[in-house]
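Here are the chains, one letter per residue:
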Amino acid sequence: MLAELHLHLYGCIRPADLLRHLAARKRIRWDFYEEHMRAAYGVVPPVREVVERYRKGDPDAEAEFAGLFVFGDDDAGDFDRFQAKFNLLGAGSALFDKRSGLADIRTEVARFAAGIRADHARNGVRYAETRLLLSRTLAGPRDRAVLDTLLAAYDVPQAGTTERLALSLSRKDPWAAWDRVRELALGPHGATVTGLDFCFFEEGFPPKDKAGFFAAVKEFNAAHPDRALAILYHVGESFRDKSLESAVRWVHEAAELGAHRLGHAIALGIDPDVFGTHTRTEPVAERRDQIAYDLAHAGGLRAAGVTVDEAVLEAERASLPADGTVTIAYDAARLDEVRRRQDYAMSRIRAAGVVVEVCPTSNRRIGGITDPAHHPVHRFLAADLPVVVSSDDPGIFGTTLGDELDWVCRHADGGAELREHLVETAWRSRSEVLTGRHA
Ligand SMILES: [Zn+2]
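Residues numbered from 1 in each chain as written. Predicted model: local features only at pLDDT ≥ 70, side-chain atom pairs only at ≥ 80, totals over all residues. Heavy atoms only, no water.

Enquirer: Even after reading the chapter, I still don't get the overall build of the protein, so can you show me in this structure?
Expert: Secondary structure summary: the protein contains 21 helices and ten strands in total. Here the protein has a C-alpha radius of gyration of 22 Å; the compact-globule value for 439 residues is 22 Å, and the two agree. With the principal axes as the frame, the protein shows a C-alpha extent of 75 × 50 × 50 Å. Out of the 439 residues in the protein, the part that is buried amounts to 54%. Residue pairs in contact within the protein that sit at least 24 positions apart in sequence constitute 81% of those at least 6 positions apart. Between the mean site of the 56 positive side-chain charges and the mean site of the 67 negative ones, the protein shows a separation of 5 Å. (Helix = DSSP H or I, 4+ residues; strand = E, 2+ residues; numbered from the N terminus. Rg over C-alpha atoms; globule rule 2.2 N^0.38 Å. Buried < 20%, exposed > 50% of the residue type's maximum accessible area, 1.4 Å probe, protein only. Contact = heavy atoms within 4.5 Å. Lys, Arg positive; Asp, Glu negative; His and termini not counted. Charge placed at Lys NZ, Arg CZ, Asp CG, Glu CD.)

Below, the structure is given as structure tokens:
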């Protein structure tokens, strides 16, 4: 019984389904797609021509289109390139085109949802949780058209695959959607809304700012156990703006604040040696938070082999400027200490029972982890963290959950036993189980 727990709706669309959709669509914003491709790749692929040839019945067009659309290993290493290719989904989408009518949006969403359900059935996925980022409030007429359509499509009790939705909220202001979230969770299709997600740019949005919101979700869950919502949180996927220590801390903090599952959490388990000797810069505010963390966790950090000298930290805190940035130099010893910090954070996250979602292909191609030996999954498994494997955007990555599981088992030397363990962990890490909806 395969459970896919980390998916984004439009990222699930297979090339063949997208091509059929584009071929039937009157208005495609080619300029939008082509401009971004030119900026990210320096060239514009002939997608426009291939769609035209498909319209005229060219039998080779479908394979050629798939080759141009899929974000493959050769494309890897750059989020801008991923976004440029992803923009083809937006260019032909009624949902992303402000000029489209609501009927168009409903037709599109219903068709894609049906295609994705069929794809899950083909690939043996019996339960899937998909995230969707709409407007900040989730309350406009377009949001309503999408959500009404999608939830009705998901709310089919006897279907072969159980489809569930996690509403992606604004990192900046999750409260803006809170009334709508509760209305949806308690509404007629509330059984299909099982989680809340935080995705897209994480830089600039420290998990600690979500403490009040997470507390409100927990209160809601206590009051409505049969409609409780899991908190799913993308964190530690991109951390170029901060120290490695802060990146580890963010993941740990998201877990301690009450997230049920963490998306990617690369910072928590990536081998720090990957970064080599280098310097990083972070805002003074992050350094302050890091000092407070070190003081609060001094005992545990020390037990894990991290040097914590309270007097030195207090003196540093007193000498920090009010704002600006601090620069930190990493040598072999400091990288080694980051590894011990990761060990400590992993032990705390394990104790809290928080699940880590691992999406190998996504990490390889967007996260830039090219050497399989550096992938955090090895440390996660060694630390006995509950790990679930998923595919993030299987359509544009041209992957399946089976491929992702194969990759982990092959590179972690796990074989059939590990595969069974991962499949079983995913099944019991479904949102509706973690929140106790199905006690
Ligand atoms: Zn994701």
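Enquirer: Hey, could you run me through the pairing of strand 8 (residues 325-330) in this one?
Expert: On any regular strand, side chains alternate: one points to one face of the sheet, the next to the other face. Alternating positions in strand 8 separate cleanly, V326, I328 and Y330 being buried on one face and T325, T327 and A329 remaining unburied on the opposite face. Note that strand 7 (residues 278-283) and strand 8 share six bridges and pair antiparallel. Across the sheet, the residue bridging to E282 is V326, located in strand 8. (Pairing = 2+ DSSP bridges.)

Enquirer: When you look at the packing of aromatic side chains in this model, what are you seeing that I'm missing?
Expert: Any pair of aromatic rings gets described here by the distance separating the centres and the angle formed by the planes. Applying the stated criterion across every chain, the model contains 20 aromatic pairs. Here F71 and F82 contribute two aromatic rings whose centre-to-centre distance is 5.3 Å and whose plane-to-plane angle is 80 degrees, an arrangement assigned as edge-to-face. Residue F71 is found in the loop between helix 4 (61-69) and helix 5 (79-91), and its partner F82 is found in helix 5; the two are separated by eleven residues along the sequence. Taking the centre distance of 6.2 Å and the plane angle of 70 degrees together, the rings of Y127 and W427 count as edge-to-face. Of this pair, Y127 sits in strand 2 (residues 125-133) while W427 sits in helix 20 (residues 415-428), placing them 300 residues apart in sequence. Members of the aromatic cluster, joined through ring pairs, are F71, F79, F82, F86, F200, F201 and F397. Here R171 stacks its cationic end above the ring of Y233, 5.3 Å away from the centre of that ring. The aromatic ring of F275 is capped on one face by R280, whose charged end is 5.4 Å from the ring centroid. (Phe/Tyr/Trp six-rings, centres within 6.5 Å; stacked < 30°, edge-to-face > 60°. Lys NZ or Arg CZ within 6 Å of the ring centre and 35° of its normal.)

Enquirer: Is there a simple way to explain the coordination of the zinc ion in this structure?
Expert: Octahedral six-donor coordination of a metal ideally yields angles of 90 or 180 degrees, compared with 109.5 degrees for tetrahedral four-donor coordination. The coordination sphere of the zinc ion, as far as protein atoms go, consists of H6 (NE2), H8 (NE2), H234 (NE2) and D392 (OD), spread over 2.1 to 2.4 Å. Classification of the site at the zinc ion as irregular follows from its four donor atoms and the range of 83 to 168 degrees in their angles at the metal. The sequence motif formed by the donor residues of the zinc ion is H-x1-H-x225-H-x157-D. Of this pair, H8 sits in strand 1 (residues 2-8) while D392 is found in the loop between strand 10 (387-389) and helix 18 (394-397), placing the two residues 384 residues apart along the sequence. (Donors = N, O, S within 2.8 Å, 3.2 Å for Na, K, Ca; no water. Tetrahedral: all angles 85-135°; square planar, octahedral: opposite > 155°, others 65-115°.)

Enquirer: I tried to follow the pattern of salt bridges on my own but got confused; where do I start?
Expert: Opposite charge on two side chains allows them to pair when their charged atoms are near. Scanning all chains against the criterion turns up 40 salt bridges. The partner of E34 in a salt bridge is R48, with the nearest N and O atoms 3.0 Å apart. In this pair, E34 is assigned in helix 2 (residues 30-41) and R48 in helix 3 (residues 47-55), connecting sequence segments 14 residues apart. Of the residues examined, E34 reaches a relative accessible area of 11% and is grouped as buried. We classify R48 as partly exposed; its relative accessible area is 34%. The shortest N-O distance in the salt bridge between D271 and R339 comes to 2.9 Å. (Salt bridge = Lys/Arg side-chain N within 4 Å of Asp/Glu carboxyl O.)

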